[in-house]
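Breakdown of the fold
Letter by letter, the chains look like this.
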Amino acid sequence: MVRRLSGAFALLCFLVASAFAQSSPCSLSDDTEYSKKIKEFTTESFFSTELVDHLPHSSCVPAPDAALHHIVGAPDVLDYTKDINAYFRLLASTSPRVKIWTIGTSEEGREMLVAVVSDETNLAKLEHYKEITATLADPRGLSDADAQQLIAEGKPIYWADGSIHSPETGSPEMLMELAYRLAVEETPFIQKIRRDSIVLITPIVETDGHDRMVDVYMQHKKHPEQPPYPLAWWGHYVSHDNNRDSLGMSLALSRNMLKTFLDWHPTVMHDLHESVPYLYIMTGTGPYNAWLDPIVISEWQEMAYHEIEEMTKRGVIGVWTHGFYDGWAPNYLLSIANNHNSIGRFYETFGNGGADTRVRTLRPADTSREWYRPILHSQK
């Protein structure tokens with residue numbers, strides 16, 4: 001499956017001036033060509049839902065294919081950090097619902113970004129909402145009555161980040177399309193997200209390793225007769241364990257993400273990973289870290305089961321929780337949130353080893369019906 005479906009929840013420079021000069025509001029229609037390709041590149045209908053099986057066309061804001069010259073999830077192509085960052089800048093320059101900041105650079109000088117997506121009213125008061133979350137994050141001296149008032153007035157901030165692990169290439173692509181959908185779509189579902197929350201997106205955490213992965217992947221596409229190069233280093237100094245640095249803070253990506261967390265105090269920090277079939281929603285199995293607030297552990301469960309129910313009722317197969325990791329280690333990237341009284345969580349989707357469409361044979365243990373996996377492949 002080439003289409004990137006993380007469950008969940010973005011260069012035409014001449015549009016910049018015209019987007020804000022129009023006297024009439026932007027119009028929306030169905031992007032029939034993009035929507036056609038979504039269906040073409042999604043191998044089975046039960047990997048998709050009505051939320052992502054089409055793409056709206058905005059008369060003001062360009063979709064990802066306008067900048068990339070291919071749709072998100074197209075086979076045999078991956079995008080470099082500079083191109084992904086350029087699309088987010090294009091999105092911010094053409095939509096009043098998107099802002100963008102640099103959060104730092106990698107060891108090799110590649111830029112890390114955070115994009116902010118919400119409705120115009122919320123973005124106009126963004127600093128005020130940041131002050132509210134900062135006050136609630138350190139409530140010493142805050143009365144219960146004042147805290148409740150701030151909670152009622154504030155907006156939850158949800159921060160999604162992609163590709164801390166360099167071979168996991170789906171999330172940087174998917175996040176461009178997600179940002180575009182959040183910015184332009186006018187369904188009640190998307191309007192509620194924009195109105196009631198502030199969404200942060202960091203498309204690539206490990207920017208150095210991501211570009212190396214694109215290099216080796218595209219080199220093999222150009223020279224399929226040669227064996228593929230191995231991705232020996234996922235970052236400048238480190239391989240897989242770049243996601244084990246939230247105690248030592250030895251890597252630039254860790255320091256940049258921590259600084260951004262302490263600036264925004266997001267309610268949720270959500271890492272997007274790829275490994276196991278089909279969509280694992282993190283809760284862990286225990287033993288849970290005893291120094292985490294028990295409420296956080298309960299919130300992992302509550303959010304996971306809400307998402308499993310929503311995906312299961314839409315017939316999406318293989319969405320599960322409970323297994324995979326224990327919930328104890330305090331050094332993952334998401335620990336930045338869990339160690340600071342926020343919610344750190346992650347997904348694992350079935351990665352495709354680049355942008356290839358593959359046929360895979362799964363083990364019985366991957367598809368057996370369990371209490372934590374209510375819909376399995378064999379039912380379809």
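Counting restarts for each chain, with residues numbered from 1 along the sequence as it is written. The predicted nature of this model means local features are confined to residues of pLDDT at least 70 and side-chain atom pairs, given and counted, to a pLDDT of 80 or more, with totals for whole chains, interfaces and linings taken over all residues. As a rule here, side-chain values cover all heavy atoms of the structure and leave hydrogens and water aside.

Moving on, we get to the overall build of the chain. Each helix is a run of H or I in the DSSP string that is no shorter than four residues. Each strand is a run of E no shorter than two, and both are numbered from the N terminus. For the chain, the count of helices and strands is 14 helices and ten strands. Its C-alpha radius of gyration of 20 Å places the chain within 12% of the 21 Å reference for a compact globule of 380 residues. Its C-alpha atoms put the chain at 65 × 60 × 45 Å along the principal axes. Per-residue burial over the chain gives 54% buried out of 380 residues. Charge-centre separation for the chain: the mean point of 33 positive side chains lies 3 Å from the mean point of 50 negative side chains. For the radius of gyration, the atom set is restricted to C-alpha positions; the globular benchmark scales as 2.2 Å times the number of residues to the power 0.38. Burial classes follow relative accessibility: with a 1.4 Å probe on protein chains only, a residue under 20% of its type's maximum area counts as buried, one over 50% as exposed, and anything between as partly exposed. Under this rule, positive means Lys or Arg and negative means Asp or Glu; His and the chain ends count for nothing. Where a charge sits is defined by one atom per residue type, namely NZ (Lys), CZ (Arg), CG (Asp) or CD (Glu).

A large share of strand S10 (residues 343–349) lies buried, amounting to seven of its seven residues. Neither face of S10 is open: one carries Ile-343, Arg-345, Tyr-347 and Thr-349, the other Gly-344, Phe-346 and Glu-348, and all of them are buried. Two strands pair under a simple rule: DSSP has to find at least two bridges between them. Where strand S7 (residues 268–274) lies against S10, seven bridges are found, and the strand directions are parallel. Note that in S10 the partner of His-273 across the bridge is Glu-348. The pairing of strand S8 (residues 279–281) with S10 spans three bridges and is antiparallel. Residue Ile-281 lies in a different strand from S10, and its bridge partner there is Tyr-347.

Bringing the state of the cysteines into the picture now. Think of a disulfide as a covalent bridge from one cysteine sulfur atom to another cysteine sulfur atom. Cysteine sulfur pairs qualify as disulfides if the two atoms are within 2.5 Å. In the structure shown here, the tally under the stated rule is one disulfide. Residue Cys-26 pairs covalently with Cys-60 via a disulfide, S to S 1.8 Å. Taking the sign of the S-S torsion, about -110 degrees here, the bridge from Cys-26 to Cys-60 comes out left-handed. Of this pair, Cys-26 sits in the loop between helix H1 (15–21) and strand S1 (28–30) while Cys-60 sits in the loop between strand S2 (56–58) and helix H3 (64–68); the two residues are 34 residues apart in sequence, bridging distant segments of the chain.

Membership of the largest hydrophobic core comes to 46 residues, with the highest contact counts inside it found for Phe-88, Leu-175 and Tyr-180. Sorting elements by how many residues they give to this core places helix H8 (residues 170–184) first, with nine residues. Every residue pair with non-hydrogen atoms within 4.5 Å of one another is taken to be in contact. With sequence-adjacent residues up to four places away left out, Leu-175 is seen in contact with Phe-88, Ala-160, Asp-161, Gly-162, Ile-201, Thr-202, Pro-203 and Leu-272. Here the nonpolar core consists of buried residues drawn from Ala, Val, Leu, Ile, Met, Phe, Trp, Tyr and Cys, with membership extended through side-chain atoms lying within 4.5 Å. One finds Met-112, Trp-159, Ile-164 and Val-238 within the second-largest nonpolar core, a separate group that totals 26 residues.

Bringing the packing of helix H6 (residues 126–137) against helix H7 (residues 144–153) into the picture now. Here an axis means a line fitted to C-alpha atoms, over the contact stretch when the element is a helix, while the angle between two N-to-C directions is reported on a 0 to 180 degree scale. Two elements in contact, H6 and H7, have axes whose closest approach is 10 Å; the angle formed by their N-to-C orientations is 140 degrees. With respect to each other, H6 and H7 are oriented oblique. The element H6 and its partner H7 pack so that their crossing is left-handed. From H6, His-128, Tyr-129, Ile-132, Thr-135 and Leu-136 reach across to H7, where they touch Ala-147, Leu-150, Ile-151 and Glu-153. Three residue categories are used. Nonpolar comprises Ala, Val, Leu, Ile, Met, Phe, Trp, Tyr, Cys and Pro, charged comprises Asp, Glu, Lys and Arg, and polar comprises the others, including Gly. Its residues assigned to classes, the contact of H6 with H7 shows six nonpolar, two polar and one charged. Here the angle decides the label: under 35 degrees means roughly parallel, over 145 means roughly antiparallel, 65 to 115 means roughly perpendicular, and every other value means oblique. By convention, the crossing between two helices is left-handed when the near helix turns anticlockwise from the far helix through less than a right angle, and right-handed when the turn is clockwise.

Looking now at the confidence of the model for the chain. In regions of low pLDDT, the predicted coordinates are not meant to be interpreted in detail. Taken as a whole, the chain shows an average pLDDT of 91; of its residues, 93% reach a score of 70 or greater. Values of pLDDT, the confidence the predictor places in each residue, fall between 0 and 100. A low-confidence stretch, residues 1–23 stays under pLDDT 50, and its non-local contacts, those more than four residues away or across chains, total 70 contacts.

Before going further, it helps to spend a moment on the packing of helix H4 (residues 81–94) against H8. H8 packs onto H4 with a crossing angle of 5 degrees between their chain directions and a minimal axis gap of 10 Å. Considering the angle they form, H4 stands roughly parallel to H8. Counted together, Ile-84, Tyr-87, Phe-88 and Leu-91 of H4 and Pro-172, Glu-173, Leu-175, Met-176, Ala-179 and Tyr-180 of H8 form the full contact between these two elements. Of the residues in the contact of H4 with H8, the class split is nine nonpolar, no polar and one charged.

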